[in-house]
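Residue-level listing of the chains:
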Amino acid sequence: MVQEVIAKTKLISFEDITKTYQLDTQKVHALRGVTFDIGKGDFIAIAGPSGSGKSTLLNLLTLIDTPTKGRIRYNNVDVDTLSDNEKTLFRNKQIGIVFQSYNLIPVLNAMENVAFALQVQSVSTAESLDRAAQMLKEVGLGTHLRHRPSNLSGGQKQRVAIARALVTNPSIVIADEPTAALDTKTGMEILDLMKELNEHKRTTFVFSTHDVRIINSVDHVIQIEDGRLIN
Ligand SMILES: Nc1ncnc2c1ncn2[C@@H]1O[C@H](COP(=O)(O)OP(=O)(O)OP(=O)(O)O)[C@@H](O)[C@H]1O
Ligand SMILES: [Mg+2]
């Protein structure tokens, strides 16, 4: 009963967000007034056809891009009031990003790739490698610490990328089609891993997907079509 009346803590709000790209003389309306909240600990899939605005929305969430109109708040702070420097600092500390194509550094092994995310935050090399090894164990790669990306499968590479996103203890992990490069079975394993990390660490996850099996197994789905949310 008590739990029912306690409001979930809001992490992010999108208030009437519009994104219009200018392509030569043509305007592309990628987002046409999008409003939603993300709560702490949420696990949200963003689904919609190709060109519907999923990547545009995620690029705004990561603060890589800025909206044409509307307000984005993180922890009640209007991100528009932050300088570029403050945004970068905020992103490094609070946001973990996972890419469809992993974006691992080929010459570094799994442990070094994950440790790199800490080293750019001035954590010592020894501590970075230690925490990277621990995080890789948590994603099931404890036996592959010294493998380079070229010696890992697609699913294993995505596990390394997820470990890299999580090792800094961000409050949110944002992933654009993290399973698109994987076969369905491996994609479902990555989804299960993200769910497990969400449940155990309470890290918020927001990710886009085309995969119907994934959409059907996630409680909270944001559907987007032609730049608008549909329910
Ligand atoms: N940098 C850009 N300049 C101009 N138009 C863009 C740019 N990025 C995206 N668009 C356009 O904005 C719309 C939304 O694109 P977006 O990449 O967000 O879609 P998506 O849902 O991620 O698609 P997909 O499932 O294919 O990845 C599309 O019409 C796209 O062509
Ligand atoms: Mg996309």
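Model, not experiment: these values are computed from the prediction.

What counts and what doesn't
- Residues numbered from 1 in each chain as written.
- Chains lettered and ligands numbered in written order.
- Predicted model: local features only at pLDDT ≥ 70, side-chain atom pairs only at ≥ 80, totals over all residues.
- Heavy atoms only, no water.
- Pairing = 2+ DSSP bridges.
- Helix = DSSP H or I, 4+ residues; strand = E, 2+ residues; numbered from the N terminus.
- Buried < 20%, exposed > 50% of the residue type's maximum accessible area, 1.4 Å probe, protein only.
- Contact = heavy atoms within 4.5 Å.
- Axes fitted to C-alpha atoms, helices over the stretch in contact; angles between N-to-C directions.
- Parallel < 35°, antiparallel > 145°, perpendicular 65-115°, else oblique.
- Left-handed = near helix turned anticlockwise from the far one by under 90°.
- Nonpolar A, V, L, I, M, F, W, Y, C, P; charged D, E, K, R; others polar.
- Salt bridge = Lys/Arg side-chain N within 4 Å of Asp/Glu carboxyl O.

(A) Broad picture of the sheet that holds strand β5 (residues 77–78). Spatial strand order, β2-β1-β4-β5: 4 strands in an open sheet with antiparallel pairing. Each edge of the open sheet carries a strand with a single partner, namely β2 (26–39) and β5. The pairing of strand β4 (residues 69–74) with β5 spans 2 bridges and is classified as antiparallel. From the neighbouring strand, R73 faces β5, where its bridge partner is D78.

(B) Seen up close, the environment of L108. Position of L108 relative to the elements: it lies in the loop between β6 (95–98) and α4 (110–119). The partly exposed category is assigned to L108, whose relative accessible area is 21%. L108 sits 39 residues away from H147 along the chain, and the two C-alpha atoms are 8.6 Å apart. Those residues in contact with L108 that sit more than four places away from it in its chain are N113, R148 and P149.

(C) Seen up close, the packing of α4 against helix α5 (residues 125–138). Where α4 meets α5, the closest approach of the two axes is 8 Å, and the angle between their N-to-C directions is 125°. Between α4 and α5, the interaxial angle falls into the category oblique. Along this stretch, α4 crosses α5, giving a crossing that reads as right-handed. Seen from α4, the contacting residues are A110, M111, E112, V114, A115, L118 and Q119; seen from α5, they are T125, S128, L129, R131, A132, A133 and L136. Among the residues making up the contact of α4 with α5, the classes are represented as 9 nonpolar, 3 polar and 2 charged.

(D) Highlighting the pattern of salt bridges. Overall, the coordinates contain 9 salt bridges when judged by the stated rule. Across the pair D65 and K19 runs a salt bridge, and its minimum N-O distance is 3.3 Å. Here D65 is found in the loop between α2 (54–61) and β4, whereas its partner K19 is found in strand β1 (residues 10–23), with 46 residues between them in sequence. K19 sits in the buried class, given a relative accessible area of 9%. For the salt bridge of R32 with D226, the shortest nitrogen-to-oxygen distance reads 3.6 Å. A residue pair is termed long-range when its members are at least 10 positions apart, and R32 in strand β2 and D226 in the loop between β9 (220–225) and β10 (228–230) qualify at 194 residues. Judged by relative accessible area, which is 32%, R32 ranks as partly exposed.

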